[in-house]
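An overview of the molecular structure
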Amino acid sequence: MRLVFAGTPEFARVALAHLHAAGHDIALVLTQPDRPAGRGMKLQHSAVKQFALEHQLALAQPASLRLDGKFALEAHAAQTRITQARADAMVVVAYGLILPQWVLETMAGPGQWACFNIHASLLPRWRGAAPIHRAIEAGDTETGITIMQMDAGLDTGPMVLQERMAIKASDSTATLHDALAVMGARLMVQALDKPAALRARAQTQEGVCYAHKIEKFEAVIDWQQPAEHIARKVRAFDPFPGASTRLAGETLKVWGAHALAHREVAGTGGLQVRAGLILASEPRGLVVAAGASTCLRITHLQRPGGKRLAVADYLQGHAVAPGQCFDGPAAPDTI
């Protein structure tokens with residue numbers, strides 16, 4: 001099938017690679033403009049652009065697709081290229097730009113199969129920008145992939161394929177991202193193999209949640225929260241932005257933590273317990289008092305400019321004693 005592909009990050013690159021390997025004719029790739037990144041803030045290609053360049057695929061990077069907006073000239077140029085591609089369908093995966101109505105109409109002509117989207121959620125559970133993070137943060141026990149036909153709404157189009165995946169207690173956004181990227185790519189190839197056999201079904205309005213974009217300020221640990229909530233946040237914000245807290249005036253990233261049953265906490269050693277108080281400092285982790293009379297064991301930490309370390313390794317170079325307290329808002333991100 002002849003396709004226009006629109007996507008930007010690694011999640012989208014996996015889908016593009018599978019579609020290319022399956023023999024689909026990628027007539028045009030759309031991805032976001034290069035962005036500054038890294039310590040030197042040099043312009044970086046998106047993962048999708050890198051794949052397109054390596055495989056000599058036609059590429060466009062409009063800053064917007066709105067024909068009446070600030071970047072109208074780029075949008076009109078993209079419209080011409082999409083029209084001239086004469087594609088059978090468009091596949092959209094984590095593109096990061098809103099598709100105006102003209103795009104949907106362009107891909108809905110006679111003999112075309114419209115715009116398909118790979119969404120990392122069991123729609124309608126999590127619509128929006130960060131479905132993987134929000135599913136973990138909310139304590140969902142399963143997630144999955146939905147292949148849908150796009151409409152004018154935000155992740156509201158009719159669904160054509162869906163597959164479930166359990167969320168394990170050890171899963172982070174990083175691990176689920178990689179597994180769901182492969183699942184989504186596989187399902188998209190499957191859908192395009194026999195598009196005439198697809199049966200679209202409308203989404204219900206029951207159980208709809210909005211997966212807001214992740215903001216750095218959200219990753220600051222609130223020790224007044226129960227330990228299970230904090231542990232989910234640590235997993236949800238790995239690899240970005242990383243859950244953070246402060247100890248002795250220094251901002252630390254917390255990369256591994258789990259809630260403890262009360263029976264696992266031997267005692268307080270006479271300490272006046274308050275949220276954020278370190279109750280025990282041992283190689284297997286730091287035991288910290290959290291809200292609702294719960295405790296959290298931190299297993300992996302990172303100092304500014306340092307590496308992720310298991311607590312056993314961290315303690316070899318940094319003394320942490322019971323009675324110290326994690327508290328305060330995080331300082332500007334330096335890790």
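Here goes a summary of the coordinates provided. Owing to the predicted nature of the structure, the values given are computational and were not obtained by experimental measurement.

**Side note on the pairing of strand 6 (residues 89-93)**
In terms of residue burial, strand 6 counts as a mostly covered element, since 5 of its 5 residues are buried. Burial along strand 6 is two-sided: Ala89, Val91 and Val93 and Met90 and Val92, pointing in opposite directions, are all buried. The pairing of strand 1 (residues 2-7) with strand 6 spans 5 bridges and is classified as parallel. Bridging across to strand 6, glycine 7 finds its partner in valine 93. Relative to strand 7 (residues 115-119), strand 6 is paired through 3 bridges, and the arrangement is parallel. If you follow valine 92 over to strand 7, its bridge partner there is asparagine 117.

**Here we look at the environment of threonine 141**
Summarising the element assignment, threonine 141 is placed in the loop between helix 5 (131-138) and strand 9 (142-149). Threonine 141 sits 32 residues away from threonine 173 along the chain, and the two C-alpha atoms are 13 Å apart. If we ignore the near neighbours within four places in the chain, the residues touching threonine 141 are Ala166 and Ile167.

**Here we look at unusual backbone geometry**
The omega angle of the peptide bond from aspartate 238 to proline 239 is 25°, so this bond is cis rather than trans. Topologically, proline 239 is positioned in the loop between helix 7 (227-236) and strand 12 (243-247). Residue arginine 86 is not a glycine yet carries a positive backbone phi of 50°. As for its placement among the helices and strands, arginine 86 is situated in the loop between helix 3 (72-85) and strand 6. Residues other than glycine seldom take positive phi values, yet alanine 292 does so here, at roughly 55°. The topology assignment puts alanine 292 in the loop between strand 15 (285-290) and strand 16 (294-302).

**Examining the packing of aromatic side chains**
Summed over all chains, the structure comprises 1 aromatic pair. Residue placement shows arginine 308 over the ring face of tryptophan 255; its charged tip is 3.6 Å from the ring centre.

**Quick look at the layout of surface pockets**
There is about 1600 Å³ of room inside the largest pocket. Surrounding the largest pocket, 49 residues form its lining, Pro9, Ala94, Tyr95, Gly96 and Ala129 being those nearest its centre. Of all the secondary structure elements, the ones that give two or more residues to the lining of the largest pocket are strand 3 (35-37), strand 6, strand 7, helix 5 and helix 6 (173-193). Of the residues assigned to the lining of the largest pocket, the class counts are 27 nonpolar, 15 polar and 7 charged.

**Regarding the nonpolar core**
Membership of the largest hydrophobic core comes to 48 residues, with the highest contact counts inside it found for Phe5, Ile145, Ile147, Leu180 and Met188. The biggest single contributor to this core is helix 6, with 9 residues.

**A word on the pairing of strand 2 (residues 25-30)**
Counting buried positions along strand 2 gives 5 out of 6 residues, so the element sits mostly inside the fold. Bridge count between strand 1 and strand 2: 5 bridges; the pairing is parallel. Bridging from a neighbouring strand, leucine 3 pairs with isoleucine 26 of strand 2. The pairing of strand 2 with strand 5 (residues 59-60) spans 2 bridges and is classified as parallel. Bridging across to strand 5, leucine 30 finds its partner in alanine 60.

**Quick word on the sheet that holds strand 6**
On the basis of which strands lie adjacent, the open sheet formed by 7 strands has the order 5-2-1-6-7-9-10 and mixed pairing. Since the sheet does not close on itself, it has two edges, and those belong to strand 5 and strand 10 (159-166), each with one partner. For strand 7 and strand 9, the ladder comprises 4 bridges, and the chain directions are antiparallel. Bridging across to strand 9, asparagine 117 finds its partner in methionine 148.

**Description of the pattern of salt bridges**
According to the stated counting rule, one finds 14 salt bridges in the structure shown. One salt bridge in this structure joins arginine 13 and glutamate 10, with 2.8 Å as the shortest N-O distance. Of this pair, arginine 13 and glutamate 10 both sit in helix 1 (residues 10-21), 3 residues apart, which is roughly one turn of the helix. Residue classification places arginine 13 among the partly exposed residues on the basis of a relative accessible area of 26%.

**Brief notes about the packing of helix 1 against helix 6**
Their axes nearest at 9 Å, the elements helix 1 and helix 6 cross at an angle of 35°. In terms of crossing hand, the pair formed by helix 1 and helix 6 is right-handed. Between helix 1, through Glu10, Phe11, Val14, Ala15, His18 and Leu19, and helix 6, the contact on the second element is made entirely by His177, Leu180, Ala181, Val182, Ala185, Met188, Val189 and Leu192.

About the cut-offs
- Residues numbered from 1 in each chain as written.
- Predicted model: local features only at pLDDT ≥ 70, side-chain atom pairs only at ≥ 80, totals over all residues.
- Heavy atoms only, no water.
- Buried < 20%, exposed > 50% of the residue type's maximum accessible area, 1.4 Å probe, protein only.
- Helix = DSSP H or I, 4+ residues; strand = E, 2+ residues; numbered from the N terminus.
- Pairing = 2+ DSSP bridges.
- Contact = heavy atoms within 4.5 Å.
- Phe/Tyr/Trp six-rings, centres within 6.5 Å; stacked < 30°, edge-to-face > 60°.
- Lys NZ or Arg CZ within 6 Å of the ring centre and 35° of its normal.
- 1 Å grid on protein atoms, 1.4 Å probe; cavity = no way out; pocket = protein on both sides within 12 Å on 5 of 7 lines; lining within 4 Å.
- Points joined across faces, edges and corners; volume = space filled by probe spheres on them.
- Nonpolar A, V, L, I, M, F, W, Y, C, P; charged D, E, K, R; others polar.
- Core = buried A, V, L, I, M, F, W, Y, C linked by side-chain atoms within 4.5 Å.
- Salt bridge = Lys/Arg side-chain N within 4 Å of Asp/Glu carboxyl O.
- Axes fitted to C-alpha atoms, helices over the stretch in contact; angles between N-to-C directions.
- Left-handed = near helix turned anticlockwise from the far one by under 90°.

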